[in-house]
There are 4 protein chains.
Amino acid sequence: MAAVLRGSRYLGGKCCKHVDFAFVSTRYMASKTSVGFVGLGNMGNPMAKNLLKHGYPVIATDVFPESCKEVQELGAQIVDNPAEVADKTDRIITMLPSSPNVIDVYTGPNGILKKVKKGSLLIDSSTIDPAVSKEMAAAAEKMGAVFMDAPVSGGVGAASSGKLTFMVGGAEEEFTAAKELLTCMGANVVYCGQVGTGQAAKICNNMLLAIGMIGTSETMNLGVRLGLDPKLLAKILNMSSGRCWSSDTYNPVPGVMEGVPSGNNYQGGFGTQLMAKDLGLAQNTATSTKTPVPLGSLAHQIYRMMCARGYANKDFSSVFQFLREEEEGQ
Amino acid sequence: MAAVLRGSRYLGGKCCKHVDFAFVSTRYMASKTSVGFVGLGNMGNPMAKNLLKHGYPVIATDVFPESCKEVQELGAQIVDNPAEVADKTDRIITMLPSSPNVIDVYTGPNGILKKVKKGSLLIDSSTIDPAVSKEMAAAAEKMGAVFMDAPVSGGVGAASSGKLTFMVGGAEEEFTAAKELLTCMGANVVYCGQVGTGQAAKICNNMLLAIGMIGTSETMNLGVRLGLDPKLLAKILNMSSGRCWSSDTYNPVPGVMEGVPSGNNYQGGFGTQLMAKDLGLAQNTATSTKTPVPLGSLAHQIYRMMCARGYANKDFSSVFQFLREEEEGQ
Amino acid sequence: MAAVLRGSRYLGGKCCKHVDFAFVSTRYMASKTSVGFVGLGNMGNPMAKNLLKHGYPVIATDVFPESCKEVQELGAQIVDNPAEVADKTDRIITMLPSSPNVIDVYTGPNGILKKVKKGSLLIDSSTIDPAVSKEMAAAAEKMGAVFMDAPVSGGVGAASSGKLTFMVGGAEEEFTAAKELLTCMGANVVYCGQVGTGQAAKICNNMLLAIGMIGTSETMNLGVRLGLDPKLLAKILNMSSGRCWSSDTYNPVPGVMEGVPSGNNYQGGFGTQLMAKDLGLAQNTATSTKTPVPLGSLAHQIYRMMCARGYANKDFSSVFQFLREEEEGQ
Amino acid sequence: MAAVLRGSRYLGGKCCKHVDFAFVSTRYMASKTSVGFVGLGNMGNPMAKNLLKHGYPVIATDVFPESCKEVQELGAQIVDNPAEVADKTDRIITMLPSSPNVIDVYTGPNGILKKVKKGSLLIDSSTIDPAVSKEMAAAAEKMGAVFMDAPVSGGVGAASSGKLTFMVGGAEEEFTAAKELLTCMGANVVYCGQVGTGQAAKICNNMLLAIGMIGTSETMNLGVRLGLDPKLLAKILNMSSGRCWSSDTYNPVPGVMEGVPSGNNYQGGFGTQLMAKDLGLAQNTATSTKTPVPLGSLAHQIYRMMCARGYANKDFSSVFQFLREEEEGQ
């Protein structure tokens, strides 16, 4: 029992990635009730693994059977579809690419809500339109279940190391229950308000991020053309009011910083087409709430143009490269 | 002599605003050679006072005689025009509203270059087009004088308390001489490179600042409409990749922060029309260097629209108010 | 004969000249089968009247009973809801404010599809997201009915005078049947392609219209400030490559043209908030098809900002006024 | 004399390109006084030829001697520099790439104003900043000469066939004298107002043209993705309020129209970098007059991005290609 407590304390810490799997005894696992997981893609896979590491029996499914292999080998039970997951457990996490997938997984013919138990806790970590989150919450409520939106920030690396940030929307009284699970997969779990506000926070952050990144790229490019050394310019911006995350932590100009995609030909990181998708969501919510977002909207268009010009799979900081004059003869 | 050195060391510190004027003895003042100052406006006035406080005899002029009164009472010698300033001293600081004023003060019929002494150090702290700085430098060089551009960041408050940041462009071997004077008026004096790079750094910073401010305003407005509490949203952004100076230090949403213009109906601070002017400079340099600056350009247009709609004299963070829906019946 | 004259006066509209009234005998009217009409707002009302004028018995409904009065007095049969309309006739036209209304009127609990007859022709003249048109078409097809989208261009005036332009999407073999009805209400009926292309054409036109209008306003404002007479500038543009509908037919500058909203303080015409709605649809379709529309997107934002600043109900050409500097002291 | 008048009438017509050169007798040529021409580039060359064809003795110069060959063979007298042109004739036309060239040609060490005769008529057909036109006019006036700005619309083809449009700014009483010469080279000669308004009209037209072209490209691209046939969409736009010169006369979508650059891989026509230059001028004048031009400004940035991505020498309608998704795997 002491071991369990110790393990439990230990596991709650940030270094959960070092968890020795052998150490997590069967007895310990048995003491936790199962968790469902739908969507074992690049992000869902390491997230589900972290749940397993923390001793939760996992019941999982994915439309692509091969995606289930890894977690199955680690002990997860694989079932045919989301409805079966809901049939076997009353806490389910979903991690899906986009709104239509979420709608299908919850309300489709083999969807969670077809067999959901009363009182179930359904946590969706997909990044989708907050209006869809609200729809899902309303549909879940009709079945006596609770739906929360909990999109993440941090990429595959953070998912693997359990360092994601979760932004959670939904009934406040359910937050503690959600946090218990999300803490296994993330370093920060922030309560944002009613259903949909988790998505809202995620979308807002990424819109401002995109604006800051393009702005930093334009500014660095202009400064260099005006004769400034890029490292010096970055230093000046970072001690001044131009400072932002894109200038001081993820600078898009090759050579200014180490360990960021700009130093690695814009490989890895957060792809331009994923940013374009998030900006599309921001645009949709701005349109439906009649909110003017001129820079956010233009940022969306710029990432869309980049996708059209071959930058879809490069890190979103490659906008620096896109804007910079490269061709000869001009 | 020791006293002088001690005083000098003391004055170099950040608490120079507390300098007891009585303590700065006549003997001390006599030991420093005079400095010319052209342009005693809102910024130039407190800057010239700080030179006086640091014991420099000041020879000053301004097109508006009444602007000269205050520094005259503090001991400055007032002369008729820039040429006369140049006739009496070989170190001159200029602080003027815009490029045409600078051109006139240096190369006009009563301009500095009409009577400049060989070897003079001419420091222009105006914010102007870097191309004009280069022209002035070339014209000064023909007369055997040295011209440096040294625009400031920080407003009237920083000018009064001697806490400005100077971004300096020009011959590196003259930087020490320039720094001696600028340190009396500023907390940071940064060498940026060849002539014009001080302007470039200033312009770049302010362009990115404007982008960050409008982006933050759009984002906060969108988040609030999506149901997020503004303080919570600011907190989330500031711990995430959306973080920027406008979100964490100068938040544009009333009530999120204290001690910033958004808490005071956007009074004080940095006026929208001044930001529009700086963005115009950024636009001009971008155009002449053929650099694409899509967000910087749109930011310029937005501040221009705001000037047209009555926001010219409000702090530039009032873009939040401009974008927010206010009218009824919609 | 007296009846004919009375009828002629009544018809009043400009296209009545093509109706040979003597020919429209009672017998002839009786030979026409009834048409359903759902949505008797500013546009639907005159459209339904034109159907009546052309001898079609009309069976109509609207959520606001008072909207039904006028057409009832002219002989239309008023029923309780769309399902009842579908129960009584097999050709139905719908004219509704936005996508959710269309979804409700077709697929809601009292919706058309609840009682639609096999083989019915359902024509939706609302301006909505083409994706919703496609959904409605699929839902109708399941019930054995045919759905076509047929949004209009032209405002209340064109609706009254039967001069609307209809852009029609749907199965080509049904176009003739649709055209028979639409010709009663419009001067042009254009077949655009598969379901949703009517909406697409409408949305595309209005996006380009908005871009042209804002562009014309910027250009005219700039030209005037550069010393050009606005009438002369309009003339030069209109004989050159800057020519567009907004410059030559609907000039936004007061005094350049007669008979347009700019000459009447931007009253009447096509409201800014309606344009903002259409641009929102364009934005949504661009986002979902991943199409970059940088100017369309910025046009959307500008109309959105205008709505936030009190221009919601002014004609969309008032963007000239919005952009023009008005305040003093700048 | 009658012959001259007859010839003159004939030559004034639009078919001046058909003028039989042999027919223009020496006697006839002798009866006209000489005209100076500075700048024999792509545009200046055919313009000077048209002056020769109309019987004007031409005295020309260019910085590149080889540019002078063709007109020399046709009878023009070639001199060393603009000052010499001014020494030999009192009517001079200049056609130069950009503002700095104009400043040099007029006010440089070998500039026109060095030897200009009192009462000379100086006509600048370059497209430059109207502020520079005003400066040149002021400088000319000091020397007792008259300066007019007369930029052209129409490209090399129109220059060859004498079908240019001239937009003329300057003293109205000199317009007749200017028109006499310009009519030899253009089909339309429009008086715009005081000095600089010719440039203003040109710049305004091209800004609106760029907006219309990008807008048309976005719209056509969106429409095609929404399932519309491009020819049909163009037809619909052209009969509706979306109509503009770029949609009905110079459609950017390959296959929609014949005889335009979009049908020829965007070769020929008006190059993207020339459009970017004109938009830079528009931007500069908007900035200096504090005029908001949001779409014009974004259009500038888009053409600037295109130059950075390899489109500098393609026709400006290639923005359709730039915006269209081309790469695979997205």
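Residues numbered from 1 in each chain as written. Chains lettered and ligands numbered in written order. Predicted model: local features only at pLDDT ≥ 70, side-chain atom pairs only at ≥ 80, totals over all residues. Heavy atoms only, no water.

Brief notes about the domain arrangement of chain A
Residue and element names in this part refer to chain A.
Alright, step 1. Looking at chain A, the domain boundaries give domain 1 (2-195) and domain 2 (200-323).
Alright, step 2. On a C-alpha basis, the centres of domain 1 and domain 2 stand 30 Å from each other.
Alright, step 3. Between domain 1 and domain 2, the residue contacts involve ten residues of the former and nine residues of the latter.
Alright, step 4. With both chains or domains summed, domain 1 and domain 2 bury close to 730 Å², and 68% of this area falls on carbon and sulfur atoms.
Alright, step 5. Our count for the contact surface shared by domain 1 and domain 2 stands at four residue pairs in polar contact (both at pLDDT 80 or more).
Alright, step 6. Residues belonging to the side of domain 1 that touches domain 2 are distributed by class as follows: seven nonpolar, two polar and one charged. (Domains from an automatic or database assignment. Contact = heavy atoms within 4.5 Å. Buried area = accessible area lost by both parts, 1.4 Å probe. Polar contact = N/O pair within 3.5 Å; in protein donor to acceptor, adjacent residues only side chain to side chain. Nonpolar A, V, L, I, M, F, W, Y, C, P; charged D, E, K, R; others polar.)

What about the state of the cysteines?
Alright, step 1. For the coordinates displayed, the defined rule picks out zero disulfides over all chains.
Alright, step 2. Distance from the sulfur of Cys192(A), which forms no disulfide, to the nearest cysteine sulfur (Cys204(A)) is 10.0 Å.
Alright, step 3. Take Cys192(A): its relative accessible area is 4%, and that puts it in the buried class.
Alright, step 4. Free of any disulfide, Cys244(B) has its nearest cysteine sulfur in Cys244(A), 6.4 Å distant. (Disulfide = S-S within 2.5 Å. Buried < 20%, exposed > 50% of the residue type's maximum accessible area, 1.4 Å probe, protein only.)

Some details on unusual backbone geometry
Residues and elements named next belong to chain A.
Alright, step 1. Even without a glycine there, the phi angle at Tyr-266 is positive, about 60°.
Alright, step 2. Of the residues examined, Tyr-266 reaches a relative accessible area of 2% and is grouped as buried.
Alright, step 3. Unlike most non-glycine residues, Lys-290 shows phi in positive territory, near 55°.
Alright, step 4. Mapped onto the elements of the fold, Lys-290 is located in the loop between helix H14 (272-288) and helix H15 (294-308).
Alright, step 5. Residue Lys-290 is classed as partly exposed on the basis of its relative accessible area of 39%. (Helix = DSSP H or I, 4+ residues; strand = E, 2+ residues; numbered from the N terminus.)

What about the interface of chain B and chain A?
Alright, step 1. Taken together, the contacts link 58 residues of chain B with 58 residues of chain A.
Alright, step 2. The largest per-residue losses of area from chain B upon contact with chain A belong to Leu208(B), Leu226(B) and Leu295(B), which jointly make up 13% of the total buried on that side.
Alright, step 3. Here chain B and chain A share two salt bridges between them.
Alright, step 4. Across the pair Asp248(B) and Arg243(A) runs a salt bridge whose closest N-O atoms are separated by 3.0 Å.
Alright, step 5. Where chain B touches chain A, the interface holds 20 residue pairs in polar contact (both at pLDDT 80 or more).
Alright, step 6. Counting residues per element, the side of chain B that touches chain A draws most heavily on helix H11 (residues 197-225) of chain B, at 19 residues.
Alright, step 7. Of the residues assigned to the side of chain B that touches chain A, the class counts are 32 nonpolar, 20 polar and six charged. (Salt bridge = Lys/Arg side-chain N within 4 Å of Asp/Glu carboxyl O.)

Notes on the pairing of strand E8 (residues 164-169) of chain B
Residue and element names in this part refer to chain B.
Alright, step 1. By the criterion of burial, E8 is predominantly enclosed, with six of the six residues buried.
Alright, step 2. With burial as the criterion, each face of E8 is covered, one bearing Leu-164, Phe-166 and Val-168 and the other bearing Thr-165, Met-167 and Gly-169.
Alright, step 3. Where E8 lies against strand E9 (residues 186-193), six bridges are found, and the strand directions are parallel. For Thr-165, the partnering residue across the bridge sits in E9 and is Asn-188.
Alright, step 4. With helix H10 (residues 175-182) bridging E8 and its parallel neighbour E9, the resulting β-α-β unit is right-handed. (Pairing = 2+ DSSP bridges. Right-handed = clockwise from strand over helix to strand, strands pointing away.)

Digging into the interface of chain D and chain C
Alright, step 1. Each side of the interface is counted separately: chain D has 58 residues, and chain C has 59 residues.
Alright, step 2. Interface of chain D and chain C: buried area, both sides summed, is about 5,000 Å²; carbon and sulfur atoms make up 69% of it.
Alright, step 3. Considering only the surface of chain D that becomes buried against chain C, Leu208(D), Leu226(D) and Leu295(D) emerge as the three largest contributors, covering 13% of it.
Alright, step 4. On inspection of chain D and its partner chain C, the count reaches two salt bridges.
Alright, step 5. At the surface where chain D touches chain C, the tally comes to 20 residue pairs in polar contact (both at pLDDT 80 or more).
Alright, step 6. Of all the secondary structure elements, the ones that give two or more residues to the side of chain D that touches chain C are strand E8 (164-169), strand E9 (186-193), helix H11 (197-225), helix H12 (230-238), helix H13 (245-248), helix H14 (272-288) and helix H15 (294-308) of chain D.

A short note on the pattern of salt bridges
All names here are of chain D.
Alright, step 1. Throughout the structure, instances matching the rule amount to twelve salt bridges over all chains.
Alright, step 2. Residue Glu-70 is joined to Lys-49 by a salt bridge in which the shortest nitrogen-to-oxygen separation is 2.7 Å. Note that Glu-70 is positioned in helix H4 (residues 69-73) and Lys-49 in helix H3 (residues 44-53), a separation of 21 residues in sequence.
Alright, step 3. Given a relative accessible area of 41%, Glu-70 falls into the partly exposed group.

Details of the relation of the copies chain D and chain C
Alright, step 1. Of the transformation superimposing chain D on chain C, the axial component is 0.0 Å and the angular component is 180°, with the fit at an RMSD of 0.0 Å. This pairing of chains is accounted for by a two-fold axis. Within chain D, the C-alpha atom positioned nearest to the axis of rotation is that of Cys244(D), 2.0 Å from it.
Alright, step 2. In this assembly, 100% of the residues forming the interface of chain D have copies in chain C that are likewise at the interface, indicating an isologous arrangement. (Least-squares fit on C-alpha atoms with pLDDT ≥ 70 in both.)

Comments concerning the relation of the copies chain B and chain A
Alright, step 1. Rotating chain B by 180° and moving it 0.0 Å along the rotation axis overlays it on chain A with an RMSD of 0.1 Å.
Alright, step 2. Both copies share a contact surface, since 100% of the interface residues of chain B are interface residues in chain A too.

Focus on the environment of Gly263(A)
Alright, step 1. For Gly263(A), the location among the structural elements is in the loop between helix H13 (245-248) and H14.
Alright, step 2. Put simply, Gly263(A) and Thr165(A) are 98 residues apart on the chain and 25 Å apart in space, counted from C-alpha to C-alpha.

What to know about helix H15 (residues 294-308) of chain C
Residues and elements named next belong to chain C.
Alright, step 1. For H15, with 15 residues, the first-to-last C-alpha span of 21 Å sits near the 21 Å given by 1.5 Å per residue.
Alright, step 2. In terms of residue burial, H15 counts as a mostly covered element, since 15 of its 15 residues are buried.
Alright, step 3. One or two positions beyond H15, positive phi appears at Gly-310, with a value near 100°. (Expected span 1.5 Å × (residues − 1).)

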